[in-house]
Number of protein chains: 2
Amino acid sequence: MGINENVAKPLDRLAGLLAADMDAVNALIRTRMESRHAPRIPEVTAHLIEAGGKRVRPLLTIAAARLLGYEGTHHQLLAATVEFIHTATLLHDDVVDESRQRRGRPTANLLWDNKSSVLVGDYLFARSFQLMTETGSMRVMEILASASATIAEGEVLQLTAAQDLATTEDIYLQVVRGKTAALFSAATEVGGVIAGGDAAQVRAFFDYGDALGIAFQIVDDILDYSGTTETIGKNTGDDFRERKLTLPVIKALAAADQAERAFWQRTIEKGDQRDGDLDEALAILARHNAIDAARADALDWAGRAKSALSALPQGEIRVLLSDLADFVVARVA
Amino acid sequence: MGINENVAKPLDRLAGLLAADMDAVNALIRTRMESRHAPRIPEVTAHLIEAGGKRVRPLLTIAAARLLGYEGTHHQLLAATVEFIHTATLLHDDVVDESRQRRGRPTANLLWDNKSSVLVGDYLFARSFQLMTETGSMRVMEILASASATIAEGEVLQLTAAQDLATTEDIYLQVVRGKTAALFSAATEVGGVIAGGDAAQVRAFFDYGDALGIAFQIVDDILDYSGTTETIGKNTGDDFRERKLTLPVIKALAAADQAERAFWQRTIEKGDQRDGDLDEALAILARHNAIDAARADALDWAGRAKSALSALPQGEIRVLLSDLADFVVARVA
């Protein structure tokens, strides 16, 4: 099977290849979201977890473990763990961002209330730690505890950095690691660890997940200024309206003249936005080739993800992980 | 030193006896609340953690380990862990309850915002798991992960049960275990585990913390109907105004006639409260000796806490833990 013929859907192909594992993961998720005392917990969790997310993170954990030939079942516990952590962060993010829609459905904070989203998120965090203790691997606990801290730290950083024009690409990267890459890299790394990978292999899995997550988030930021509602599932310009300082704007700011700087100060820093401002933002981004520069960064990170794979055994899963890196950036290529 | 002379302040005496450990715990807390990237995190954490809380939970962990003659330093890591989990739950509780004051100071959600409280709480949860991995004890991780799940579950249960007149004393106990007792019992249990206690000793520590926490919460609920602003640091009747179905009301409901039942339905279930309703509630509670019955329960739980100690080595710490159980209920005796 050639790579190019099937590059469009590497995630679906991974899911097909690893279907037995993923069935077990989904069964675990359903069992472990139960609460003997508080039926609100599985209600809220199921609303989000059964909304048709792609299970990218658990797939990465399963793929990493299987790529190293793992034959046990602890990778399934870890895949469920990773999905619980992800779900908990989504519940809390939607409270923090006051979001009303997620995956095309009303958010839990809208359907129930902020209280339920905060507390059910806490429950899923705790459950995720219970799940990972069942593997008996202290190394795995360290990785996932550290990733959880990086996620929360990145989100707090975003609170203060998002509207601050002094935000550098370094700070942006730190935020992106928190928002996306920390859980991607933890997902692949723990898959490698549980399979007994050596230090170089575990490092390769970390690097792959980290670079894939960063590429993914940069693409998301680019599409927010260049995509269509159909391709991105939300409206163009949401980040601009929400005054989020993303990579294209950071790049345009570095080359801004005085008038442009005043424009970003007014629209992003002060939040004083008027009709036509989004078009003006797009014109400034185009003038400095900021979208192209961000695209080049995304392609670079996808390349790094693929390079990391060279330290790992060859095989169909490795090919699909490489295709996935291509696929992530194909949306803006 | 006789017990009775000093029964008033067993916590202070424990803190004095264990001052060297507690200094180390406080130093750990300060170091580990830092964030390399997000200064908002230590700001919010310090606001709460330095507001003069009594460090009851870390003291319990240190006391339990030392009572078994532990000479290492891992009990300090666990004490800091327990305080971080407690602080995280306070941050989230204040968001959920929309509280404006805590320990006599404005809450973090008021000084900063709900977003910061949610995310800094998440950070502290993650940090607490990082801290506990440093002990290398999988049993400790299981206990604290399970306690965290019970806490969140109890809080979710309270969301739905608090205004439901069908709430039984069993459900109330489950809520109380989540609100208070789960972290008390985990604090003492992990102290016993890290000190290498045998199964009977570890069980005794769990039972002591569980019973102490339940006694503590029942006393809190009683004082809300019978205390003064000075003794309880908040206004009498807050639970009634916030429509919380606590033990005295559950007991009065069990003996209610039709008119009384209608009163509780109107005031608690529907939240339609008028002038004079608090006085009427107090009169109904008095008519059924509901406060006395709740007080008897609190004394019973304090007695259970003291009984549990009999399985543990004698010594000054055990005397102080016993005094602490007496002290907790002395506020309503």
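In this text the structure is predicted, and so the values were computed from the model without any measurement.

Visitor: Could you clarify how one ought to interpret the overall build of chain A in this entry?
Guide: Within chain A, the secondary structure is distributed over 17 helices and two strands. Compactness check: chain A gives a C-alpha radius of gyration of 20 Å against a globular reference of 20 Å for 333 residues, within 12% of the reference. Across its three principal axes, chain A shows a C-alpha extent of roughly 60 × 50 × 35 Å. Taken across its 333 residues, chain A has 58% of its residues classed as buried. Residue pairs in contact within chain A that sit at least 24 positions apart in sequence constitute 74% of those at least 6 positions apart. Roughly 13,000 Å² of accessible area belongs to chain A as shown, and the carbon and sulfur atoms make up 47% of that amount. Here chain A carries 35 positive and 47 negative side-chain charges, and the mean point of each set is 3 Å from the other.

Visitor: How should I be thinking about the side chain of Asp-323 of chain A in this particular structure?
Guide: Residue and element names in this part refer to chain A. Along the chain, Asp-323 falls in helix 17 (residues 316-330). Judged by its relative accessible area of 1%, Asp-323 is buried. Here Arg-13 takes part through its side chain, which lies 3.3 Å from a polar atom of the side chain of Asp-323.

Visitor: Whenever I open this one, the interface of chain A and chain B confuses me. Can you help?
Guide: A common way to express how large an interface is: the accessible area buried when the components associate. On the side of chain B, 38 residues touch chain A, which itself brings 38 residues to the contact. Together, the buried faces of chain A and chain B total about 3,600 Å²; carbon and sulfur atoms form 78% of this surface. Where chain A packs against chain B, one counts zero salt bridges. Our count for the chain A to chain B interface comes out at ten residue pairs in polar contact (both at pLDDT 80 or more). Within the residue set of the side of chain A that touches chain B, elements represented by two or more residues are helix 3 (40-49), helix 5 (74-96), helix 7 (114-133) and helix 8 (138-161) of chain A. Here the element with the most residues in the side of chain A that touches chain B is helix 8 of chain A; it accounts for 14 residues.

Visitor: What exactly am I supposed to notice about unusual backbone geometry here?
Guide: Glycine aside, negative phi is the norm for most residues, and most peptide bonds take the trans geometry. Even without being a glycine, Arg-55 of chain A presents a positive backbone phi close to 55 degrees. Mapped onto the fold, Arg-55 of chain A is located in the loop between helix 3 and helix 4 (56-67).

Visitor: Quick question: what am I supposed to make of the pattern of salt bridges here?
Guide: Side chains that carry opposite charge are capable of pairing whenever their charged atoms lie near each other. All names here are of chain A. For the structure on display, the rule yields 38 salt bridges over all chains. Between Asp-21 and Arg-66 there is a salt bridge whose closest N-O contact spans 2.6 Å. Linking Asp-21 in helix 2 (residues 19-32) with Arg-66 in helix 4, this pair joins segments that are 45 residues apart in sequence. For Glu-189, the salt bridge goes to Arg-139, with nearest N and O atoms at 3.5 Å. Placement of Glu-189 in helix 9 (residues 169-194) and of Arg-139 in helix 8 is noted, with a sequence separation of 50 residues between them. Looking at Glu-189, the relative accessible area reads 10%, which means it is buried. Of the residues examined, Arg-139 reaches a relative accessible area of 41% and is grouped as partly exposed. Among the ionic contacts, a cluster of salt bridges with common partners joins Asp-21, Arg-66 and Glu-71.

Visitor: Explain the relation of the copies chain A and chain B here, please?
Guide: Here the second copy of the chain follows from the first by a rotation about an axis and a shift along it. Overlay of chain A on chain B (RMSD 0.0 Å): rotation 180 degrees, translation along the axis 0.0 Å. Each copy turns onto its partner about a two-fold axis. Looking at the interface residues of chain A, 100% of them are also at the interface in chain B, so both copies use one shared face.

Visitor: Explain the packing of aromatic side chains to me, please; I cannot follow it from the model alone.
Guide: For any pair of aromatic rings, geometry is given as the distance between the ring centres together with the angle between the planes. Using the criterion set out here, one finds nine aromatic pairs over all chains in the structure. Pairing Phe-240 of chain B with Trp-264 of chain B gives two aromatic rings, centres 6.5 Å apart and planes at 75 degrees, and the pair type is edge-to-face. On the criterion of sequence distance, the pair formed by Phe-240 of chain B in helix 12 (residues 238-241) and Trp-264 of chain B in helix 14 (residues 258-269) is long-range, its members being 24 residues apart. You can call Trp-264 of chain B buried: its relative accessible area is 0%. Following the ring pairs from residue to residue traces out a cluster consisting of Phe-240, Phe-263 and Trp-264 of chain A. Its guanidinium or amino end placed over the ring of Phe-216 of chain A, Arg-331 of chain A lies 5.7 Å from that ring's centre, counting from NZ or CZ.

Visitor: What's the story with the packing of helix 14 of chain B against helix 15 (residues 277-287) of chain B in this structure? I'm lost.
Guide: How two helices sit against one another is set out by the angle between their axes and by the gap between those axes. Residue and element names in this part refer to chain B. One can describe the packing of helix 14 onto helix 15 by two numbers: an axis separation of 11 Å at closest approach and a directional angle of 140 degrees. Of the possible angle classes, the one that applies to helix 14 and helix 15 is oblique. Considering only the axes of helix 14 and helix 15, their crossing is left-handed. Listed contacts from helix 15 to Glu-260, Phe-263, Trp-264, Arg-266 and Thr-267 of helix 14 are Asp-277, Glu-280, Ala-281, Ile-284, Leu-285 and Arg-287. Considering only residue class, the contact of helix 14 with helix 15 consists of five nonpolar, one polar and five charged.

Visitor: Mind showing me how you'd approach the nonpolar core here?
Guide: One broad rule of soluble globular proteins: the nonpolar side chains tend to lie buried together. Membership of the largest hydrophobic core comes to 236 residues, with the highest contact counts inside it found for Trp-264 of chain A together with Trp-264 of chain B. Viewed by domain, this core spans two of them, domain 1 (11-136) and domain 2 (153-314) of chain B, each represented by three or more residues. Apart from the residues within four sequence positions on either side, Trp-264 of chain A is in contact with Leu-165, Phe-240, Val-249, Ala-252, Leu-253, Glu-269, Ala-281, Ile-284 and Leu-285 of chain A.

Visitor: What am I meant to see in helix 10 (residues 199-226) of chain B here?
Guide: Residue pairs spaced three or four apart in an α-helix point in one direction, given the helix's 3.6 residues per turn. Residue and element names in this part refer to chain B. In a regular helix each residue adds 1.5 Å, so 28 residues correspond to 40 Å; helix 10 covers 40 Å between its end C-alpha atoms and thus fits that length. Most of helix 10 is tucked away: 20 of the 28 residues are buried. Where helix 10 begins, the side chain of Asp-198 points an oxygen toward the backbone nitrogen of Ala-200, at a separation of 3.1 Å.

Each value, and the rule that gives it
- Residues numbered from 1 in each chain as written.
- Chains lettered and ligands numbered in written order.
- Predicted model: local features only at pLDDT ≥ 70, side-chain atom pairs only at ≥ 80, totals over all residues.
- Heavy atoms only, no water.
- Helix = DSSP H or I, 4+ residues; strand = E, 2+ residues; numbered from the N terminus.
- Rg over C-alpha atoms; globule rule 2.2 N^0.38 Å.
- Buried < 20%, exposed > 50% of the residue type's maximum accessible area, 1.4 Å probe, protein only.
- Contact = heavy atoms within 4.5 Å.
- Areas by Shrake-Rupley, 256 points an atom, 1.4 Å probe, with all protein chains shown as cover.
- Lys, Arg positive; Asp, Glu negative; His and termini not counted.
- Charge placed at Lys NZ, Arg CZ, Asp CG, Glu CD.
- Polar contact = N/O pair within 3.5 Å; in protein donor to acceptor, adjacent residues only side chain to side chain.
- Buried area = accessible area lost by both parts, 1.4 Å probe.
- Salt bridge = Lys/Arg side-chain N within 4 Å of Asp/Glu carboxyl O.
- Least-squares fit on C-alpha atoms with pLDDT ≥ 70 in both.
- Phe/Tyr/Trp six-rings, centres within 6.5 Å; stacked < 30°, edge-to-face > 60°.
- Lys NZ or Arg CZ within 6 Å of the ring centre and 35° of its normal.
- Axes fitted to C-alpha atoms, helices over the stretch in contact; angles between N-to-C directions.
- Parallel < 35°, antiparallel > 145°, perpendicular 65-115°, else oblique.
- Left-handed = near helix turned anticlockwise from the far one by under 90°.
- Nonpolar A, V, L, I, M, F, W, Y, C, P; charged D, E, K, R; others polar.
- Core = buried A, V, L, I, M, F, W, Y, C linked by side-chain atoms within 4.5 Å.
- Domains from an automatic or database assignment.
- Expected span 1.5 Å × (residues − 1).

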